[in-house]
Amino acid sequence: MASIRNYALIYVALILLATGKFVFFHFPEIFTYELAVGGTMILAVIKVSLIAGYFQHLKDEPRSITYLMLTALFMVLLLTLAAGYSIQ
C-alpha cells in the first residue's frame, strides 16, 4: 500500500505534467504545433500510467490483472482504429 508521501509526490508529478502540456501550446516560438501535439500525447500516456499504477493500485495487483488491463487497452485501441478506418 502506498503512503501519503507517495500519493503527494505522484500528485505533484501530475500537476507538473499538466503544466508541461500548457507550456507546449503557449510558446509557439519554441514548439511547433506537431511537436506540441506529440509531446502532449507522450505526457498523457505518462499521466495515465501514473494514475492507473498508483491511484487505482494496479501496481500492487497480481500480474494477471495487469495483463488483463493491457489486453483491454489493446482491444480499445484496435476498436478505435477500426472505427476510424470505417469512417473514411
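Residues numbered from 1 in each chain as written. Predicted model: local features only at pLDDT ≥ 70, side-chain atom pairs only at ≥ 80, totals over all residues. Heavy atoms only, no water.

Chemist: Tell me about the packing of aromatic side chains, and name the residues and values.
Modeler: With the rule as written, the count across this model stands at three aromatic pairs. With 4.9 Å between their ring centres and 90° between their planes, Phe-24 and Phe-31 make a pair best called edge-to-face. The exposure class assigned to Phe-24 is buried, which follows from its relative accessible area of 17%. (Phe/Tyr/Trp six-rings, centres within 6.5 Å; stacked < 30°, edge-to-face > 60°. Buried < 20%, exposed > 50% of the residue type's maximum accessible area, 1.4 Å probe, protein only.)

Chemist: If you had to explain the nonpolar core to someone new, which residues and values would you point to?
Modeler: Ranked by size, the top nonpolar core spans seven residues in total: Ile-10, Leu-14, Leu-17, Phe-24, Ala-36, Leu-43 and Leu-50. Listed by contribution, the elements that provide at least two residues to this core are helix H1 (4-26) and helix H2 (33-55). If one sorts the elements of this core by residue count, H1 sits on top with four residues. (Core = buried A, V, L, I, M, F, W, Y, C linked by side-chain atoms within 4.5 Å. Helix = DSSP H or I, 4+ residues; strand = E, 2+ residues; numbered from the N terminus.)

Chemist: I'd like a rundown of a nonpolar patch on the surface, residues and numbers included.
Modeler: On the surface, Tyr-11, Ile-15, Ile-51 and Phe-55 cluster together into a nonpolar patch covering about 360 Å² of accessible area. Of all the secondary-structure elements, those providing two or more residues to the nonpolar patch are H1 and H2. Structurally, Ile-51 can be placed in helix H2. (Patch = residues over 30% accessible without salt bridge, like charges linked within 9 Å, V, L, I, M, F, W, Y side chains within 5 Å. Areas by Shrake-Rupley, 256 points an atom, 1.4 Å probe, with all protein chains shown as cover. Salt bridge = Lys/Arg side-chain N within 4 Å of Asp/Glu carboxyl O.)

Chemist: Account for H1, naming residues and giving values.
Modeler: Counting along an α-helix, one turn takes 3.6 residues, and residues three or four places apart therefore face a common direction. A rise of 1.5 Å per residue sets the reference length of H1, with its 23 residues, at 33 Å; its end C-alpha atoms lie 33 Å apart and thus fit the reference within 8%. Taken together, the buried residues of H1 touch H2. (Expected span 1.5 Å × (residues − 1). Contact = heavy atoms within 4.5 Å.)

Chemist: An account of the packing of H1 against H2 is needed here, citing residue identities and associated values.
Modeler: If you want to describe how two helices pack, look at the angle between their axes and the distance between the axes. Look at H1 against H2: their axes get within 9 Å of each other, and the N-to-C directions meet at 165°. Taken together, H1 and H2 sit at an angle that is classed as roughly antiparallel. The chirality of how H1 crosses H2 is left-handed. Between H1 and H2, the residues in contact are Tyr-7, Ile-10, Tyr-11, Ala-13, Leu-14, Leu-17, Ala-18, Gly-20, Lys-21, Phe-24 and Phe-25 and Tyr-33, Ala-36, Val-37, Gly-39, Thr-40, Leu-43, Ile-46, Lys-47, Leu-50, Ile-51, Tyr-54 and Phe-55, respectively. In the contact of H1 with H2, the residues fall into 18 nonpolar, three polar and two charged. (Axes fitted to C-alpha atoms, helices over the stretch in contact; angles between N-to-C directions. Parallel < 35°, antiparallel > 145°, perpendicular 65-115°, else oblique. Left-handed = near helix turned anticlockwise from the far one by under 90°. Nonpolar A, V, L, I, M, F, W, Y, C, P; charged D, E, K, R; others polar.)

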